[in-house]
Amino acid sequence: MNTETLLLRLRADLADGGLRGSFLVRDLRTGFETGIDPDLEFPSASLVKIPLAAATLERIRRGELDGSAALDVEPGRATAPGPTGLTRFRHPARVAIDDLLYLTMAISDETAADALFALTPPAEVTRMTRDWGITGITARHPAADLSDTPAERFDPADVHLAHALAINAGTAGQGHPVPQLDVTRASSGSARAFVNLLEALWKPSKVDEQVAARVRELMGLNLLRQRLSPDFVSDATKWSSKTGTVLNLRHEVGVVEHADGGMFAIAALTESQVPAAIQPEAEVLMARVARELRDHLREG
């Protein structure tokens, strides 16, 4: 199947499944790539924690921060489904910066991420990312904003109403009355921008190798593996990734490394048109699309 025919079919599959998406797969050995609307910008949700981790680690490398330094962290006391780790704690905790990095990346803990943002604010994370030559990713707000959406204001039986608002209230220019879904107010990025970041972390770049290696390690420890992971993990592959979710947005970016030396950076950013909080079919569909793009590039 040629590339044009494959992309037409995958676009149709996404539309039939109620998804709009920005996908990009790049062979990190050859630079060849294929994708679907890879330059379409989306609110990045928790994907912004990748540049946050890299910026924090760079400041540790420079001696501006001490990874072993313990911070007093107030509990998130979240009760709605979704948040993890310190965000659900009921009592204050004292946690080292290195351990906050682990919680931020492995379980996407928003309270841990905000403790890191307090040290390196979103604007500084964006500036450091630009200094590495990576454009198209912007950090704009604390991670706690991701758990402060209309969904948290509805009873569980009515949460579909928040998703209906998310789906129907957007503008053609990707503005939205819900700030977490407005690309001019939310942290944002495209599939291409995140693949560029992944390439900078997996190949020699302006990112210090010690910093890049630790980010790779943290992404390999990601425990949220319900999305793309089932299509990329095996005894002969290593999958390192970060997910991002807010309302009807479901994202994942990562790198699959094959035993034969093959290495592919993958970004899948999606927006559902189905007003439901739990959509395993969407997870399966976005993983299949990403897998077919990778397979096509690998076989081509």
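Structure: see above.
Conventions we followed
Residues numbered from 1 in each chain as written. Predicted model: local features only at pLDDT ≥ 70, side-chain atom pairs only at ≥ 80, totals over all residues. Heavy atoms only, no water. Axes fitted to C-alpha atoms, helices over the stretch in contact; angles between N-to-C directions. Helix = DSSP H or I, 4+ residues; strand = E, 2+ residues; numbered from the N terminus. Parallel < 35°, antiparallel > 145°, perpendicular 65-115°, else oblique. Left-handed = near helix turned anticlockwise from the far one by under 90°. Contact = heavy atoms within 4.5 Å. Nonpolar A, V, L, I, M, F, W, Y, C, P; charged D, E, K, R; others polar. Pairing = 2+ DSSP bridges.

Draft legend 1. Representation of the packing of helix H3 (residues 97-106) against helix H4 (residues 110-119) in the model. The N-to-C vectors of H3 and H4 enclose an angle of 130 degrees; their axes lie 8 Å apart at closest approach. What the angle tells us is that H3 and H4 run oblique. In terms of crossing hand, the pair formed by H3 and H4 is left-handed. Where H3 abuts H4, its residues Ile-97, Leu-100, Leu-101, Leu-103 and Thr-104 lie against Ala-112, Ala-113, Ala-115, Leu-116 and Leu-119. Split into classes, the residues belonging to the contact of H3 with H4 amount to nine nonpolar, one polar and no charged.

Draft legend 2. Representation of the sheet that holds strand E1 (residues 19-27) within the structure. Taken in spatial order, the five strands make up an open sheet running E2-E1-E9-E8-E7, and their pairing is antiparallel. Every interior strand has two partners, whereas the edge strands, strand E2 (33-36) and strand E7 (237-246), have only one. Sheet twist, expressed as the mean angle between neighbouring strand axes with direction ignored, is 10 degrees. As defined by bridge partners, E1 adjoins strand E9 (residues 263-272) across nine bridges and the pair is classed as antiparallel. Its bridge partner being in E9, Asp-27 is matched across the sheet by Phe-264. Packing of helix H1 (residues 3-16) onto the sheet brings it into contact with E1 and E2, and relative to E2 it is tilted by some 35 degrees. Here helix H8 (residues 209-220) sits on the sheet and contacts E7 and strand E8 (249-258); the angle it forms with E7, its principal contact strand, is near 80 degrees.

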